[in-house]
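Here is what each chain is made of, one letter per residue.
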Amino acid sequence: MERLERCGRWLRAALARGRVRRRLPVLLLAIAVLGSALKDSELVPDTPLQNKRNPLNVYFVKMAWAWTLWLLLPFITLTTYELARSKFLYGRTKSALLVLRRLGALLVGTAVWYLCTGLFLYVENLTGECSLQGKPGQPPRLYASKQECHQDSGVWNGFDISGHCFLLSYCAMMILEEVAVLEALSIERSSKLRVLINVLLVSLCFLTVIWVFMFLSTALYFHDFSQKLLGVLIGLSAWYGTYRVWYLKPFSPGLPLPKIPLSSKKYSYSR
């Protein structure tokens, strides 16, 4: 438990005052640009990461939103309820309503993930064509979608916006926004709640490291530059449009710290 506490305190200090949160968007854009340059220059060595079946891709990235959702769900619930009770002195009913409101951020995130991935698939189908070796005497066939092409063992060539760059950037930024609530929480070291929140914090930060690392892997081994750049720009736009614009409005899930702007000096940090 002592190691967990030290790890939790170190992560809180590293994340204090939003330094990582402010710098990560620039880092992701730089990775997309430089990674693409290295890929196009053929300077990237062969590694297991270039295989789409590598464990990190199969068990984490392919389920990136599920991992993010199920770790943020208890984290937002516990931290928002504790913040409402201890900082804002809300009763149980009002605290529970605030929790439900904040959990709306996960519904918004799910909608963003669903709509954007659907849009990417639509664009790829709209701009693509199927390449396959036809049998002698067989008339050419037009394919309406990537799925139909693959059913005939063909290769679909379309504009494939990088879903990895979109989702990994969006998930990483969302996690950093939500863990910012810890800057206003002060919980007794001996409490079970502090232990549970530390476990969730360490897990979320570890997950963020995986997302950034796999974002780097995508930049180095997959997609064209324009596909990666558009993917990360959409991911960052979705984050900015929610946490920096919409969530400042009354009719929204709100920020992790209600009524306190993220840049405010009232945004305190308790170790």
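Keep in mind it's a predicted model, so treat the numbers as computed, not measured.

Criteria and thresholds
- Residues numbered from 1 in each chain as written.
- Predicted model: local features only at pLDDT ≥ 70, side-chain atom pairs only at ≥ 80, totals over all residues.
- Heavy atoms only, no water.
- UniProt positions renumbered as here; feature names shortened; annotations may be inferred.
- Helix = DSSP H or I, 4+ residues; strand = E, 2+ residues; numbered from the N terminus.
- Disulfide = S-S within 2.5 Å.
- Buried < 20%, exposed > 50% of the residue type's maximum accessible area, 1.4 Å probe, protein only.
- Salt bridge = Lys/Arg side-chain N within 4 Å of Asp/Glu carboxyl O.
- Core = buried A, V, L, I, M, F, W, Y, C linked by side-chain atoms within 4.5 Å.
- Contact = heavy atoms within 4.5 Å.
- Expected span 1.5 Å × (residues − 1).
- Bend = angle between axes of the 7 residues up to and from the residue.
- Patch = residues over 30% accessible without salt bridge, like charges linked within 9 Å, V, L, I, M, F, W, Y side chains within 5 Å.
- Areas by Shrake-Rupley, 256 points an atom, 1.4 Å probe, with all protein chains shown as cover.
- Lys, Arg positive; Asp, Glu negative; His and termini not counted.
- Charge placed at Lys NZ, Arg CZ, Asp CG, Glu CD.
- Phe/Tyr/Trp six-rings, centres within 6.5 Å; stacked < 30°, edge-to-face > 60°.
- Axes fitted to C-alpha atoms, helices over the stretch in contact; angles between N-to-C directions.
- Parallel < 35°, antiparallel > 145°, perpendicular 65-115°, else oblique.
- Left-handed = near helix turned anticlockwise from the far one by under 90°.

Visitor: What is the right way to read the UniProt feature "signal peptide" (unreviewed entry) in the protein chain from this model?
Guide: UniProt annotation of "signal peptide" (unreviewed entry) refers to residues 1-37 when read in the numbering used here. Between the C-alpha atoms that bound residues 1-37 there is a distance of 44 Å. The span itself is 89% helix and 0% strand.

Visitor: Help me out: how do you make sense of the state of the cysteines in this one?
Guide: In protein structure, a disulfide is the covalent linkage between the sulfur atoms of two cysteines. A complete count under the given rule lists one disulfide for this structure. Note that Cys130 is cross-linked by a disulfide to Cys149, the S-S spacing being 2.0 Å. Linking Cys130 and Cys149, the disulfide has an S-S dihedral of approximately 75° and is accordingly described as right-handed. On the criterion of sequence distance, the pair formed by Cys130 in strand S1 (residues 129-131) and Cys149 in helix H6 (residues 146-151) is long-range, its members being 19 residues apart. You can see Cys116 has no disulfide; the closest cysteine sulfur is in Cys171, sitting 11 Å from it. We classify Cys116 as buried; its relative accessible area is 14%. Sulfur of Cys165: no disulfide; nearest cysteine sulfur belongs to Cys171 and is 13 Å away.

Visitor: What's the story with the pattern of salt bridges in this structure? I'm lost.
Guide: A side chain with one charge can pair with a side chain of the opposite charge if their charged atoms come near. Counted according to the given criterion, the structure contains seven salt bridges. A salt bridge links Arg102 to Glu178; its shortest N-O distance comes to 2.7 Å. Taken as a pair, Arg102 in helix H5 (residues 92-127) and Glu178 in helix H7 (residues 163-179) lie far apart in primary sequence, 76 residues in all. Under the relative-accessibility criterion, Arg102 is labelled buried at 1%. Note that Arg244 is salt-bridged to Glu177, the shortest N-O span being 2.9 Å. With Arg244 in helix H9 (residues 225-245) and Glu177 in helix H7, this residue pair connects regions lying 67 residues apart in the sequence. Given a relative accessible area of 0%, Glu177 falls into the buried group.

Visitor: Sorry if this is basic, but what is going on with the nonpolar core here?
Guide: The nonpolar side chains of a soluble globular protein tend to be buried with one another. Of all hydrophobic cores here, the largest spans 62 residues; its most connected members are Phe75, Met174, Trp211 and Phe215. When residues of this core are traced back to their parent elements, those giving at least two are helix H1 (2-15), helix H2 (19-40), helix H4 (64-86), H5, H7, helix H8 (192-221) and H9. Once you skip the residues sitting within four places of it in the chain, Trp211 turns out to touch Phe60, Val61, Ala64, Trp67, Thr68, Leu168, Cys171, Ala172 and Ile175.

Visitor: Teacher, can you tell me more about H4 here?
Guide: Along an α-helix, residues three or four apart share an orientation, since each turn contains 3.6 residues. When the terminal C-alpha atoms of H4 are compared, their 33 Å separation across 23 residues agrees well with the 33 Å that a helix rising 1.5 Å per residue should span. Its axis deflected by about 25° at Leu72, H4 carries its strongest bend there, up to four residues before the proline Pro74.

Visitor: Is there a simple way to think about a positive patch on the surface in this case?
Guide: On the surface, Arg17, Arg19, Arg22 and Arg23 cluster together to form a positively charged patch. Checked against the element boundaries, Arg23 lands in helix H2.

Visitor: I tried to follow the packing of aromatic side chains on my own but got confused; where do I start?
Guide: The description of an aromatic ring pair rests on the distance of the ring centres and on the angle between the ring planes. Summed over all chains, the structure comprises eight aromatic pairs. Ring centres 4.8 Å apart and planes at 70° place the aromatic pair Tyr243 and Tyr247 in the edge-to-face group. Here the two residues Tyr243 and Tyr247 agree in accessibility, since each one is buried. Pairwise contacts between aromatic rings join Trp65, Phe120, Phe166 and Tyr170 into one cluster.

Visitor: Honestly, the UniProt feature "transmembrane region" (unreviewed entry) in the protein chain in this entry has me stumped. Any pointers?
Guide: With numbering aligned to this structure, UniProt lists the feature "transmembrane region" (unreviewed entry) at residues 63-83, 103-123, 197-223 and 229-247. End-to-end, the C-alpha atoms of residues 63-83 are 30 Å apart, and along that stretch the chain is 95% helix and 0% strand. The span residues 103-123 is 100% helix and 0% strand, and its two end C-alpha atoms sit 31 Å from each other.

Visitor: Which parts of the structure should I look at to understand the packing of H2 against H8?
Guide: A pair of packed helices is characterised by two quantities: the angle between their axes and the separation of those axes. Following both chains from N to C, one finds H2 and H8 inclined at 30°, their axes separated by 7 Å at the closest point. Relative to H8, H2 is oriented roughly parallel. The handedness of the crossing between H2 and H8 is right-handed. Contact with H2, carried on its side by Leu24, Leu28, Ile31, Ala32, Gly35, Ser36, Leu38 and Lys39, involves Val212, Phe215, Leu216, Ala219, Leu220 and Tyr221 of H8 and no other residues of that element.

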